[in-house]
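Fold and geometry: a report
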Amino acid sequence: MMEISWVRVYQAANSLEAHSLKGMLESEQIEVTLSGESLSAGAGELPMDVVQVCLWVPETQVTRARARLKAYEAAGEVEWQCPDCREWNSGRFEICWQCGGEKP
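Residues numbered from 1 in each chain as written. Predicted model: local features only at pLDDT ≥ 70, side-chain atom pairs only at ≥ 80, totals over all residues. Heavy atoms only, no water.

**Looking at the pattern of salt bridges**
In total, this model carries three salt bridges according to the counting rule given. E28 is paired through a salt bridge with R68; the nearest N and O atoms lie 2.8 Å apart. In this pair, E28 is assigned in the loop between α1 (15-26) and β2 (33-35) and R68 in helix α3 (residues 62-75), connecting sequence segments 40 residues apart. For R68, the salt bridge identified is with E94, shortest N-O distance 3.8 Å. Of this pair, R68 sits in helix α3 while E94 is found in the segment after β5 (88-89), placing the two residues 26 residues apart along the sequence. Each of E28, R68 and E94 takes part in a single network of salt bridges with overlapping partners. (Salt bridge = Lys/Arg side-chain N within 4 Å of Asp/Glu carboxyl O. Helix = DSSP H or I, 4+ residues; strand = E, 2+ residues; numbered from the N terminus.)

**Considerations on the sheet that holds strand β3 (residues 53-58)**
Overall, antiparallel pairing links the three strands, which are arranged β1-β3-β2 in an open sheet. Each of the sheet's edge strands pairs with one partner strand only, and the pair in question is β1 (6-12) and β2. Between one strand axis and the next, the sheet turns through 30° on average, direction left out of account. Where β2 lies against β3, three bridges are found, and the strand directions are antiparallel. Note that in β3 the partner of L34 across the bridge is L55. In the packing of α1 onto the sheet, the strands contacted are β1, β2 and β3, and the crossing angle to β3 comes to about 20°. The strands touched by α3 within the sheet are β1 and β3, with β1 carrying the most contacts at an inclination of about 10°. (Pairing = 2+ DSSP bridges. Axes fitted to C-alpha atoms, helices over the stretch in contact; angles between N-to-C directions. Contact = heavy atoms within 4.5 Å.)

Nothing here speaks to function; it is geometry throughout.
So this is what it looks like as structure tokens:
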């Protein structure tokens, strides 16, 4: 059995962003694992760069994952309005924070 080589592709600002990005990548059949979640309990006691959650993907999927994450970052500047509840959301959100509606 061949061992998988994992590569860190993103350092999320917090656990919520990390899980959102994990779901986004998994929806495109990119395997993802997270590290650093257990350190969030130390927020305020540890430096912020230690508390951040990292996304890791198999080496064979790095190019696809980084391309998708680059598009995510580029879209981060444009807010969008949820078609279901009319709430305004950060461009980084793929679903509405208020009602869970999908980004148009």
